[in-house]
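Below are the chains, spelled out letter by letter.
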Amino acid sequence: MLTSFFPSYSDLDTVLITSNMIANFCCEPAGWVQTKSIHISCPKESASSKFLAPYTTFSRIHTKSITCLDISSGGGLGVSSSTDGTMKIWQASNGELRRVLEGHVFDVNCCTFFPSGLVVLSGGMDAQLKIWSAEDASCVVTFKGHKGGILDTAIVDRGRNVVSGSRDGTARLWDCGRSACLGVLADCGSSINGVAVGAADNSINLGSPEQMPSEREVGTEAKMLLLAREDKKLQCLGLQSRQPVFLFIGSDAFNCCTFLSGFLLLAGTQDGNIYQLDVRSPGAPVQVIHRSGAPVLSLLSFRDGFIASQGDGSCFIVQQDLDYVTELTGADCDPVYKVATWEKQIYTCCRDGLVRRYQLSDL
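Parameters at a glance
- Residues numbered from 1 in each chain as written.
- Predicted model: local features only at pLDDT ≥ 70, side-chain atom pairs only at ≥ 80, totals over all residues.
- Heavy atoms only, no water.
- Phe/Tyr/Trp six-rings, centres within 6.5 Å; stacked < 30°, edge-to-face > 60°.
- Helix = DSSP H or I, 4+ residues; strand = E, 2+ residues; numbered from the N terminus.
- Salt bridge = Lys/Arg side-chain N within 4 Å of Asp/Glu carboxyl O.
- Pairing = 2+ DSSP bridges.
- Axes fitted to C-alpha atoms, helices over the stretch in contact; angles between N-to-C directions.
- pLDDT = per-residue confidence, 0-100.
- Contact = heavy atoms within 4.5 Å.

Visitor: I'd like a rundown of the packing of aromatic side chains, residues and numbers included.
Guide: Enumeration according to the criterion identifies five aromatic pairs in this entry. Ring plane angle 40° and centroid distance 5.0 Å describe the contact between Phe 143 and Trp 174, whose orientation is recorded as tilted. Taken together, the residues Phe 143 in strand β11 (residues 139-144) and Trp 174 in strand β14 (residues 170-175) connect sequence positions 31 residues apart. Look at Phe 254 and Tyr 275: their rings are 5.7 Å apart centre to centre, the planes differ by 55°, and that puts the pair in the tilted class. Of this pair, Phe 254 sits in strand β20 (residues 254-259) while Tyr 275 is found in strand β22 (residues 273-278), placing the two residues 21 residues apart along the sequence.

Spelled out as C-alpha cells, the structure:
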C-alpha cells in the first residue's frame, strides 16, 4: 500500500502560509523566527515543517557538479568527487583545500573515509577501486577485477575488507591487506547502484556458507549485504554465507539503500519512492514514503530516523520523536547527490557545485 508519510502543501497553501507568516512576524513571540531556521505549520492539513538554511557554503572546492562526499570520523576533513574530474580532501570547517587525489581515469563515482579518518576509499568509472592516504594523497592500493564502473562501496567493520557494487552487475568482497578479491558476492545481471552492509538481528537466518570462509575475511559474520539494483530489485544476502535473505521488487530502479537497525532498512527508487522494509517479513513494505516523482539519490540513517535527498533539490530529515520534518534548503531545483554527517553538522553536495554545511543547533 502506497502511503504518504509526509504532509504535502499545495501551492496555494504554501503561499497563504508564507504570507500569513510574514504578516505576523511582528506579533509572534521572540525567537519564533530565527536567523537560520523557520517553522511553518498548517493545522488544517496537520502539516508542519522546519526549514533550515545552510550555516555556510563552500564554493571553491570544485568547479562542476559534486557527485559524492564524506566527512572523517573526527569531523576535521571532508572528501568529495566531482564531474570536473577531481577528487579532493578539504578542511571540514572552512572548505580549505588540503589534498588532491589523482589516479582514477574518468569520473570518480563514490568516495568515503575509513573509520580511522586517515584513509579514503574510492570507486570510479574506470572500474577501479582505490585506497588513498589522506595525509599525503598517495594511492596505497588499487583493486582491479570489475568490468564496469564502480557505483558504490561499503566498508566492513574497521576496514580489513570492503565491498563494491558495479555496472557490470557484480558485488565483490576485497581484502585490503593483500589487494585481492576474496570473491564475487552476487552476480545480478543488472547494474548495482547502491550497496550497504549492516549487522543482522539474531532472529534473522543468514544461512551457512557452502565453503569455509577465507581467513582473510574479517568482520563478515552476522552481517547482511543490501544491493540496490537497476532492474527494480532490492536484494539482501548474508555477507559471509552469500545465501539469499530476500529479493524485493519495487516500482522502479533502486538508486540507494541503508540499514536503520538490525532488521529495518530503507531503499529509494528512481520514481521517488522510499521503501521501509522489515527483513523479518519483507514481503510487504512497512511503509512507502512518496513526496515527489524525483529520483531518491541518497539515504542516510540519522539518530532515530533518516536523511534523504532527491533529484528535485529537496533534502529532508525525518525523526520519530518529532512531529515535523526538517527541510534543508538552498539547493533550489538542483539534485542533491549525497549527504554526510558529523555530530550536529550535516553536509550535502549538489549539481550546482556547492558543498553546504548545516548546523542543527540553528534549529
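Next comes the rest of the write-up.
Visitor: Could you give an account of the pattern of salt bridges, naming the residues involved and the relevant values?
Guide: Summed over the entire model, instances satisfying the criterion amount to eight salt bridges. Across the pair Glu 327 and Arg 291 runs a salt bridge whose closest N-O atoms are separated by 2.6 Å. Remark: Arg 291 occurs in the loop between β23 (287-290) and β24 (296-302) and Glu 327 occurs in strand β27 (residues 325-328); sequence separation between them is 36 residues.

Visitor: Account for the sheet that holds strand β13 (residues 161-166), naming residues and giving values.
Guide: Overall, antiparallel pairing links the four strands, which are arranged β12-β13-β14-β15 in an open sheet. Either end of the sheet is taken by a strand with one partner, and the two such strands are β12 (150-156) and β15 (180-187). Between one strand axis and the next, the sheet turns by 20° as a mean value, whatever way the strands run. In this sheet, β13 lies alongside β12 in antiparallel orientation, the contact comprising six bridges. Residue pairing for β13: Ile 155 is matched across the bridge by Val 162.

Visitor: Lay out the confidence of the model for the protein in plain terms, naming residues and giving numbers.
Guide: Of all residues in the protein, 91% have pLDDT values of 70 or greater, and the mean over the chain is 91. Taken together, the stretch residues 1-32 has pLDDT below 50 and engages in 40 contacts with residues farther than four places along the chain or on a different chain.

Visitor: Hey, could you go over the pairing of strand β28 (residues 336-342) for me, with residue numbers and the actual values?
Guide: In this sheet, strand β29 (residues 345-350) lies alongside β28 in antiparallel orientation, the contact comprising six bridges. Bridged to Val 336 within β29 is Cys 350. Count of turn residues in the β28/β29 antiparallel hairpin: two residues, of which Glu 343 carries a positive phi of about 50°.

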